[in-house]
Amino acid sequence: ITSARYREVNKVLSIHDGMHRDPISVAKPSLNGLWLVTGGVDSTVRVWKYNGQHMQLQATLCGHDGGRLTCLDISTTFGSIVTGGSDGKILVWDLRTLTFLRQLSHVTSTPCSANDGSAKCFPAKSVSINHKNGNIVTLLHTTMCVFDINGNLVAEQHPDEVFQGKDVP
């Protein structure tokens, strides 16, 4: 009897082509292995569900203003997807309804789409969802932020400042 725990390492399980119109720039599977989220150079996010050996497209999510997706994460525990793009936006999506929930607001950054030339625009570098408490950690340029699952800013850390956290439980 074999199980998924004893799968061969470095063995191709399946190959999928034509998942986006343009190249895929980032991809992340869910921890339970049932979902795959991909982000493309075309600024779209696609959500796929595994069905046996096949993947079925569940939704194409649009909200980033041009440019490529730079980072993403998925949590089935909290039913959330977080995406970051070269437009400087970090967006939160509902995995259950496959709809937009909110944009995370970074006090020190202006999204590239709203940039009128007076402020610098930085792409999102990293996003991560804590699978135990739902907190979302983001890295935009050199500023790291922690948001709760509802999008409220919990802490913000700049590289040249002493930690300025709020009462983190």
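Our structure is the block above this text.
Remember, it's a predicted structure, so these values are computed and weren't measured experimentally.

S.K.: Describe the packing of aromatic side chains, listing the residues and the values that go with them.
M.R.: All told, the structure shown has one aromatic pair when counted by the stated rule. Taking 5.6 Å as the distance between ring centres and 80° as the angle between the ring planes, the aromatic pair formed by Trp93 and Phe100 counts as edge-to-face. Look at Trp93 and you get buried, because its relative accessible area is 3%.

S.K.: Give a description of unusual backbone geometry that names residues and reports values.
M.R.: Positive phi values are uncommon outside glycine, yet Ser43 reaches one of about 70°. You can see Ser43 is positioned in the loop between β2 (35-40) and β3 (44-51). Of note, His141 is a non-glycine position whose phi angle comes to about 60°, a positive value. Along the chain, the position of His141 falls in the loop between β10 (136-140) and β11 (143-147). For His141, a relative accessible area of 32% corresponds to the partly exposed category.

Conventions we followed
Residues numbered from 1 in each chain as written. Predicted model: local features only at pLDDT ≥ 70, side-chain atom pairs only at ≥ 80, totals over all residues. Heavy atoms only, no water. Phe/Tyr/Trp six-rings, centres within 6.5 Å; stacked < 30°, edge-to-face > 60°. Buried < 20%, exposed > 50% of the residue type's maximum accessible area, 1.4 Å probe, protein only. Helix = DSSP H or I, 4+ residues; strand = E, 2+ residues; numbered from the N terminus.

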